Amino acid sequence: MTNASQTSSNAMWGGRFAAGPDAIMEAINASIGFDKRLYAQDIQGSRAHAAMLAATGIISDNDAKAIGEGLLTVLSEIEAGNFPFRTELEDIHMNVEARLKEVIGEPAGRLHTARSRNDQVATDFRLWVRDQMDAAIAGIEALIRALIAQAEQGADWVMPGFTHLQTAQPVTWGHHMMAYVEMLGRDLSRFRDARVRMNESPLGAAALAGTSFPIDRHMTAAALGFDRPAANSLDAVSDRDFALEFLSSAAICAMHLSRLAEELVIWSSAQFRFVILSDRFSTGSSIMPQKKNPDAAELLRAKIGRILGAMVALFTVMKGLPLTYSKDMQEDKEQVFDAADTLMLSLAAMEGMVRDMAANRPALEAAASAGFSTATDLADWLVRALGLPFRDAHHVTGTLVRKAEEKGVDLPDLSLEEMQAVHPGITVDVFAVLGVHNSVASRQSYGGTAPDQVRAQIARWKEVLG
């Protein structure tokens, strides 16, 4: 190849890669730029491995002690920001091991006995994801408590319940808040279930086939807080379903957060005025001084895109890989790191918004009383009091709604005579069911919107959370 053609090729690669293909290979091969986040888990796993090697007589106690203390030195350097991460060493494992050798010398070379970077990274990543599951569980519990506080305050405050974003039936503010508690409760169970499934140690699976050294995998599993060692060495190094379960649980949770965020955006508008968001989670307009924008809620509404995208990305990486390890799997971490960061920020922001927001009780009640929200109560009364078949009661109620609409009034504003003109059997007792407070109080079925039912669910959740 001529110098001119070489120059042309390098230009195609871009000026950043002045050294040509070697620099490009180093850049695509290295993962230290992102997997350095695994430093604590990497050192934790290495210390457990070294202790096991000494306990089984594979290395001496003195070497294990030197390795353990040296790893703590490396850990303190990283945490202090004094550690020189080097791209040419590719990943967090080689960076830590190289520095360990500089710190303690020859014993460092014995640390990698009976393991491979394949089981090492699988262990590190599993430990990191487990930590994120614990953080997500704590974040969801905090948000649930904030929602319960709102529900408790407004257990008997009436508001409109919607279908198709149209007024349907009156419900209580507490009931609406507790709906999100139920959703987040299922998110909580998903993370807890996934944590149980993932809590197996890959360490000791080595490259893919296990090792001929007399290691004790149960010892290292226990030292790292795993319930057991993974039972198949091929599976242990090659699967990332624990990360996929984390991402899928995170995506469902983010979807729930996005739905609540959408309601906060709508409710805080001048047209609804259902809630007032605190200044801590709102911004102003650069040109319109009257504006108070629910920016935190809007950003939260969008965050699911990043988390769902991360899930799809990892599924795509894993879907066609033969057993066992392939370099493709280096692409398993960045999107999980970003999704975990996004989820934790979203949970914290939503918890803050929910704790700070003030429900506008008068606006909620005024809206609950509008839009013929007690029409279903009227139909039910016609069935109970007059014995009408429900379809006939539905027709009578629809006629009365149309009459009220034509007059520009709500159902309780119709006179008894006007109602009897549609059906002569209607009595004055009908007005008892047309008030929104009577409506919500009557919904006493389990899980219904009656204040007593709402308070019962609040008590149940307080007991669950402890």
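Here the structure is shown first, and the text comes after it.
Let me begin by describing the structure that accompanies this report. (Residues numbered from 1 in each chain as written. Predicted model: local features only at pLDDT ≥ 70, side-chain atom pairs only at ≥ 80, totals over all residues. Heavy atoms only, no water.)

We now examine the overall build of the protein. Assigned secondary structure in the protein consists of 19 helices and six strands. The globule rule puts the C-alpha radius of gyration for 466 residues at 23 Å, and the 31 Å found for the protein is more than 25% above it. Dimensions of the protein, computed from the C-alpha atoms along their principal axes, are close to 100 × 60 × 40 Å. Scored against the burial criterion, the 466 residues of the protein give a buried share of 47%. (Helix = DSSP H or I, 4+ residues; strand = E, 2+ residues; numbered from the N terminus. Rg over C-alpha atoms; globule rule 2.2 N^0.38 Å. Buried < 20%, exposed > 50% of the residue type's maximum accessible area, 1.4 Å probe, protein only.)

This next bit is on the packing of helix α12 (residues 295-318) against helix α13 (residues 334-356). It is at 9 Å that the axes of α12 and α13 come closest, and there the two elements cross at 155 degrees. The orientation of α12 with respect to α13, classified from their angle, is roughly antiparallel. As α12 runs across α13, the sense of the crossing is left-handed. Along its contact with α12, which presents A296, A297, L300, K303, R306, I307, A310, A313 and L314, the element α13 presents Q335, V336, D338, A339, T342, L343, S346, A349, M350 and M353. By residue class, the composition of the contact of α12 with α13 is 13 nonpolar, three polar and three charged. (Axes fitted to C-alpha atoms, helices over the stretch in contact; angles between N-to-C directions. Parallel < 35°, antiparallel > 145°, perpendicular 65-115°, else oblique. Left-handed = near helix turned anticlockwise from the far one by under 90°. Contact = heavy atoms within 4.5 Å. Nonpolar A, V, L, I, M, F, W, Y, C, P; charged D, E, K, R; others polar.)

Time to look at unusual backbone geometry. Note the cis peptide between L323 and T324, where omega equals 5 degrees. Among the secondary structure elements, T324 is positioned in the loop between α12 and α13. In this structure, A114 takes a positive phi of about 65 degrees despite not being glycine. Residue position: A114 is located in the loop between α6 (92-104) and α7 (117-153).

Bringing the pairing of strand β1 (residues 158-163) into the picture now. Of the pairings in the sheet, the one linking β1 to strand β2 (residues 166-172) comprises six bridges and is antiparallel in character. Bridging across to β2, M159 finds its partner in V171. (Pairing = 2+ DSSP bridges.)

Bringing a nonpolar patch on the surface into the picture now. Residues L208, L234 and L323 make up a contiguous nonpolar surface patch of about 270 Å² in total accessible area. Relative accessible area serves as the criterion here: at 32%, L234 is assigned to the partly exposed category. (Patch = residues over 30% accessible without salt bridge, like charges linked within 9 Å, V, L, I, M, F, W, Y side chains within 5 Å. Areas by Shrake-Rupley, 256 points an atom, 1.4 Å probe, with all protein chains shown as cover. Salt bridge = Lys/Arg side-chain N within 4 Å of Asp/Glu carboxyl O.)

If you walk through the whole model with that rule in mind, you get 26 salt bridges. R37 is the partner of D341 in a salt bridge, and the nearest nitrogen-oxygen pair spans 2.8 Å. Remark: R37 occurs in the loop between α3 (32-35) and α4 (39-55) and D341 occurs in helix α13; sequence separation between them is 304 residues. Among the residues examined, D341 registers a relative accessible area of 37% and is labelled partly exposed. R86 is the salt-bridge partner of E102, the closest N and O atoms lying 3.7 Å from each other. Of this pair, E102 sits in helix α6 while R86 sits in the loop between α5 (61-79) and α6, and the two are 16 residues apart along the sequence. Residue classification places E102 among the exposed residues on the basis of a relative accessible area of 52%. Classification of R86 by relative accessible area gives partly exposed; the value is 32%. Several salt bridges share partner residues, and in doing so they unite E77, R86, E88, R99 and E102 into one network.

A few words now on helix α15 (residues 375-386). Compared with the 16 Å implied by 1.5 Å per residue over twelve residues, the 16 Å span of α15 between its first and last C-alpha is a close match. One or two residues past the end of α15 sits G387, with phi positive at roughly 75 degrees. (Expected span 1.5 Å × (residues − 1).)

Turning next to the packing of aromatic side chains. According to the stated counting rule, one finds nine aromatic pairs in the structure shown. Arranged with centres 6.3 Å apart and planes meeting at 55 degrees, the rings of F162 and F272 form a pair that is tilted. Of the two residues, F162 is situated in strand β1 and F272 in the loop between α11 (241-267) and β5 (275-276); the sequence distance between them amounts to 110 residues. We classify F272 as partly exposed; its relative accessible area is 25%. (Phe/Tyr/Trp six-rings, centres within 6.5 Å; stacked < 30°, edge-to-face > 60°.)

Attention now moves to the layout of surface pockets. Within this model, the largest pocket holds a volume of roughly 350 Å³. Lining the largest pocket are 18 residues, with F162, H176, Y180, R259 and E263 positioned closest to its centre. (1 Å grid on protein atoms, 1.4 Å probe; cavity = no way out; pocket = protein on both sides within 12 Å on 5 of 7 lines; lining within 4 Å. Points joined across faces, edges and corners; volume = space filled by probe spheres on them.)

In this structure, W173, F191 and M350 are the most contacted members of the largest nonpolar core, which totals 98 residues. Among all residues touching W173, those that are not within four sequence positions of it are Q150, G154, W157, M159, W267, V275, M357, A359 and L364. Judged by nonpolar contacts, the second largest core, of 19 residues, contains V401, L411, M419 and I426. (Core = buried A, V, L, I, M, F, W, Y, C linked by side-chain atoms within 4.5 Å.)

This brings us to the packing of α7 against α13. The geometry of α7 relative to α13 is characterised by a closest axis approach of 9 Å and an angle of 15 degrees between their N-to-C directions. As the angle between them shows, α7 and α13 are arranged roughly parallel. Handedness of the α7/α13 crossing: left-handed. A class-by-class count of the residues in the contact of α7 with α13 yields 18 nonpolar, three polar and three charged.

Let's shift gears to the environment of D35. You can see D35 is positioned in helix α3. Classification of D35 by relative accessible area gives buried; the value is 3%. Put simply, D35 and D124 are 89 residues apart on the chain and 9.7 Å apart in space, counted from C-alpha to C-alpha.

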